[in-house]
Amino acid sequence: MVDLTIPYFSLASDQSFLRIKQWVFRQYPTAFSNFWIAAFYIHVFTAIFSVFAGFTQFSKWFLWKKSHRILGKIYIATVLFFAAPSGLVMGSVANGGLTSITAFVLLSVLWWWFTFLAYKKVKQRDYEAHSKYMYLSYALTLSALTLRAWKFGIVNYVYPMHPMDLYRLVAWIGWVPNLLVALYLIYKGKHKQMLTAE
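So, here is what we can say about the structure in this document. This one's a predicted model, so the numbers in the text were calculated from it and none came from an experiment.

### So, the packing of helix H8 (residues 143-158) against helix H9 (residues 163-173)
Move 1: Between H8 and H9, the least distance of the axes is 9 Å, while the angle of their chain directions is 135°. Compared by their axis directions, H8 and H9 come out oblique. In this structure, H8 crosses over H9, and the sense of that crossing is right-handed. Contact residues: Leu147, Trp150, Lys151, Ile154 and Val155 in H8; Leu166, Leu169, Val170 and Ile173 in H9.

Here you go:
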């Protein structure tokens, strides 16, 4: 993720992934394209913090320490105020048409909602529910990694699909299996086991 992020520090509008998004600037050569590119860079530079901060939240060593609360606040603020809203803007004009747009918009909405519920439940001191919603939230955070892993695996080891067909596919399998795994872990009570670390 760091390697993918570094090239964007140039703030160029045609860097890496942005090369295939030039149609946005042509189709919306006004305020929306400026809004979109701002959302893109906000997403790129903040989502990486949610990946790292969220990772620490599932360590029993961190769980009952001040660092858990500090990093948790960073995670929640990053997702709620920056990464998820900017992802929603990006998803609204995703490549691949309605199939991809639906996938990324739904991902952004669910990501924001589960993170908000995790925040709400911890404020209510309902730690079991907080843990459950953090599982769901972080499962969607990890779509940043799993989407790219699926893409790499399919292209190199399964079938060399047409790029746009592949993009439509990974738009969904990048996060839906993550969510199913999280739901399975919650069903098995793994989120409760974290609370026994006190």
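### Quick word on the side chain of Ser33
Move 1: In this structure, Ser33 sits in helix H3 (residues 31-56).
Move 2: Apart from the residues within four sequence positions on either side, Ser33 is in contact with Val24, Phe25 and Tyr28.

### So, helix H10 (residues 176-187)
Move 1: Its twelve residues place the ends of H10 16 Å apart at the C-alpha level, agreeing with the 16 Å of an ideal helix rising 1.5 Å per residue.
Move 2: Those residues of H10 that fall on the buried side of the exposure criterion are Asn178, Leu179, Ala182 and Ile186. Projection of H10 onto a plane perpendicular to its axis shows the buried side chains occupying an angular sector of 95°, all on one side. Facing away from the buried side of H10 by more than 90 degrees, the exposed set consists of Leu180 and Tyr187.
Move 3: Where H10 terminates, the next one or two residues include Gly189, which has phi positive at roughly 80°.

### Some remarks on a positive patch on the surface
Move 1: Taken together, the side chains of Lys66, Arg69, Lys73, Lys123 and Arg125 present a region of like positive charge at the surface.
Move 2: Its place among the elements puts Lys66 in helix H5 (residues 66-91).

### Quick notes on the environment of Leu166
Move 1: Residue placement: Leu166 occurs in helix H9.
Move 2: Residue classification places Leu166 among the buried positions, given a relative accessible area of 4%.
Move 3: Between the alpha carbons of Leu166 and Ile154 there is a distance of 8.3 Å; along the sequence they are twelve residues apart.
Move 4: When residues no more than four places from it in sequence are discounted, the contact partners of Leu166 are Lys151, Ile154, Val155 and Met161.

### Details of the pattern of salt bridges
Move 1: Counted under the stated rule, the structure contains one salt bridge.
Move 2: Of the charged contacts, one joins Asp165 and Arg168 as a salt bridge, the two residues approaching to 3.1 Å between their closest N and O atoms. On the criterion of helical spacing, the pair formed by Asp165 and Arg168 is a turn pair, its members being three residues apart in helix H9.
Move 3: Residue Arg168 is classed as partly exposed on the basis of its relative accessible area of 28%.

What counts, and where the lines are drawn
Residues numbered from 1 in each chain as written. Predicted model: local features only at pLDDT ≥ 70, side-chain atom pairs only at ≥ 80, totals over all residues. Heavy atoms only, no water. Axes fitted to C-alpha atoms, helices over the stretch in contact; angles between N-to-C directions. Helix = DSSP H or I, 4+ residues; strand = E, 2+ residues; numbered from the N terminus. Parallel < 35°, antiparallel > 145°, perpendicular 65-115°, else oblique. Left-handed = near helix turned anticlockwise from the far one by under 90°. Contact = heavy atoms within 4.5 Å. Expected span 1.5 Å × (residues − 1). Buried < 20%, exposed > 50% of the residue type's maximum accessible area, 1.4 Å probe, protein only. Arc of directions from axis to C-beta. Patch = residues over 30% accessible without salt bridge, like charges linked within 9 Å, V, L, I, M, F, W, Y side chains within 5 Å. Areas by Shrake-Rupley, 256 points an atom, 1.4 Å probe, with all protein chains shown as cover. Salt bridge = Lys/Arg side-chain N within 4 Å of Asp/Glu carboxyl O. Lys, Arg positive; Asp, Glu negative; His and termini not counted. Charge placed at Lys NZ, Arg CZ, Asp CG, Glu CD.

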